[in-house]
Amino acid sequence: MSELNAVIVGAGMAGVQTAVELRQQGWRGGITLLGEEPHAPYDRPPLSKSVLLGAAGGKQGVDVRFEVDFDALGVELRLGLRAQALRADEREVVTDTGVIPYDRLVVATGAYAVTLPGTSGLPDVHPLRTLDDASALRPVLDQRRQVVVVGAGWIGAEFATAARQAGCAVTVVEAADRPLARALPADVTEPMRGWYEEAGVELRTGTPVAAVEPGEVVLVDGARLPAEAVVVGIGARPATGWLGGSGVALDSGGDGAVLADDRLRTTADGVFAVGDCASFPSARYGERLLVHHWDNAVQGPRTAAANLLGDDERYDPVPYFWSEQFGRFVQYAGHHTTADAVLTRGDLSAPSWSVLWLRDGVLVALLAVDRPRDLTQGRKLITRSAVIDPAVAADPSVQLKSAVR
Ligand code: FAD
């Protein structure tokens, strides 16, 4: 395959990891990595953690760049260049400045932050997705401005943590009746209200935002919250607009994700998709998954690179992510639905606990709060579809692995 040329669009974790995996797995042809952002490729999780906490602690310059030597890998980096369209029949990517031909293409364009309607162009309203977003937020923390965070999801909670640490007054407003309403059941999110309170963050749930006006956020119940800055953390959508009409099937009735198959191939010949931009059918969970977490952007490229090189590997991971919020290390592995049985392991008002989800007795997912050993053991048990004795697993003093039947 030495004569073939691989083009990767999107230079985030999934794109970079694809380039690295292609070389490691023996791709000898050209690799071009195209990224819209002007910065050297960088990692996103620190943007809502050490980058902001660095600001809180007065430290400067947390380095988030990937430690990858692109020259040594023989990867041509083309930054500040946006793919505008795909001509799959001609095997060409159309960019701002011309056309890039490919033999194999990997779509790794990630996701973009959802905006609050009516706020585009307002100077003090911030998303938190990119390095530029994080840089724009550092002065907000440095100057201890009064902040309203819209959305009590993962990003909102992490930003609120850093902002409190910096000494900002923080209010978090959430349209749903509780934090993390889309991700976790009410019993599990209830103790999290206390996390906000302990940190001195005012949490207002069940109160959608009606408008953002200069210096304040107006809620639908008429409340007006003073805000010197507004941070919006209301989700992310796959950045796939450039693929419209290209022959790469998208979930156009849904979130626009690339509909990859279980080999991470798209519907266009020679085109693969990885990371936040693509969903895939999970045999393990019996449904299509769209995973917006770092581990998926690391694991998917391994499979995509193998298949691009001619293997026939199925992608069926146990999803994993972590969050650092309010001094806690929160980890989740697997995937659950509302139909799965919930089992608590420890007192949810205690500093550390876990929650397990069982499907017909099989462990399918686990959330661990400051219980990393539960996570490590649980992840392995989920991978091997272990049947769990609920009575044993409910006892936090017993190792989780000994609850296997
Ligand atoms: P992205 O990182 O979005 O990269 C895609 C790249 O493609 C971007 O640089 C984009 O500019 C570029 N691009 C888009 N369109 C085009 C185009 N048309 N042409 C050229 N380039 C294009 N996950 C966890 O598991 N734990 C965490 O603690 C955690 N924290 C996070 C904190 C923040 C602030 C954010 C934003 C995310 C966090 N995540 C976390 C999620 C994780 O970072 C993402 O899942 C991961 O970055 C996805 O990688 P990706 O390469 O698929 O997409």
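Colleague: Even after reading the chapter, I still don't get helix H4 (residues 131-142), so can you show me in this structure?
Modeller: Since the α-helix turns once every 3.6 residues, residues separated by three or four places project in the same direction. If you check H4, its first and last C-alpha atoms are 17 Å apart, about what twelve residues at 1.5 Å a residue would give, namely 16 Å. Among the residues trailing H4, Arg 144 stands out with phi positive, at a value near 50 degrees.

Colleague: Explain the pattern of salt bridges here, please?
Modeller: Pairing between side chains becomes possible if they bear opposite charge and their charged atoms approach one another. Overall, the coordinates contain 21 salt bridges when judged by the stated rule. The residue Arg 82 makes a salt bridge to Glu 36 at a minimum N-O spacing of 3.5 Å. A residue pair is termed long-range when its members are at least 10 positions apart, and Arg 82 in the loop between strand S3 (75-79) and strand S4 (83-87) and Glu 36 in the loop between strand S2 (30-35) and helix H2 (50-56) qualify at 46 residues. You can call Arg 82 partly exposed: its relative accessible area is 32%.

Colleague: Looking at this model, I keep getting lost on the environment of Pro 281. Mind explaining?
Modeller: Topologically, Pro 281 is positioned in strand S20 (residues 278-282). Residues Pro 281 and Thr 383, 102 residues apart in the sequence, show an inter-C-alpha distance of 16 Å. Residue contacts for Pro 281: discarding those within four places in its chain leaves Ala 260, Asp 261, Asp 262, Glu 287, Arg 288 and Tyr 315.

Colleague: It is not clear to me how the sheet that holds strand S21 (residues 287-290) should be interpreted in this structure. Could you clarify?
Modeller: Backbone hydrogen bonds hold the strands of a sheet together, and the pairing may be parallel or antiparallel. One open sheet accounts for three strands, arranged S18-S20-S21; its pairing is mixed. The open sheet has two edge strands with one neighbour each: strand S18 (258-259) and S21. Pairing between S20 and S21: four bridges, direction antiparallel. Bridge assignment links Phe 280 to a residue of S21, and that residue is Leu 289.

Colleague: I tried to follow the pairing of S2 on my own but got confused; where do I start?
Modeller: Looking along a regular strand, one sees the side chains alternate between the two faces of the sheet. The element S2 is largely enclosed, with a buried count of five among its six residues. With five bridges joining them, strand S1 (residues 5-9) and S2 adopt parallel strand pairing. Within the sheet, the bridge partner assigned to Val 7 lies in S2 and is Thr 32. With five bridges connecting them, S2 and S3 associate as parallel partners.

The rules behind these values
- Within every chain, residues take consecutive numbers counted from 1 along the sequence as written.
- For a predicted model such as this one, the threshold for reporting local features is a pLDDT of at least 70, and the threshold for listing and counting side-chain atom pairs is 80 or more; totals across whole chains, interfaces and linings nevertheless cover every residue.
- Hydrogens and waters are ignored; side-chain quantities use all the structure's heavy atoms.
- Helix and strand assignments come from DSSP, with helices taken as H or I runs of at least 4 residues and strands as E runs of at least 2, each series counted from the N terminus.
- Expected span, for any helix, means 1.5 Å times one less than how many residues it has.
- Any carboxyl oxygen of Asp or Glu that lies within 4 Å of a side-chain nitrogen of Lys or Arg is treated as forming a salt bridge with it.
- Categorising residues by exposure relies on relative accessible area from a 1.4 Å probe, with only protein chains included: less than 20% of the type maximum marks a residue as buried, more than 50% marks it as exposed, and the intermediate range marks it as partly exposed.
- In what follows, residue pairs with any heavy atoms lying within 4.5 Å of each other are defined as contacts.
- Two strands form a pair only when DSSP identifies at least two bridges running between them.

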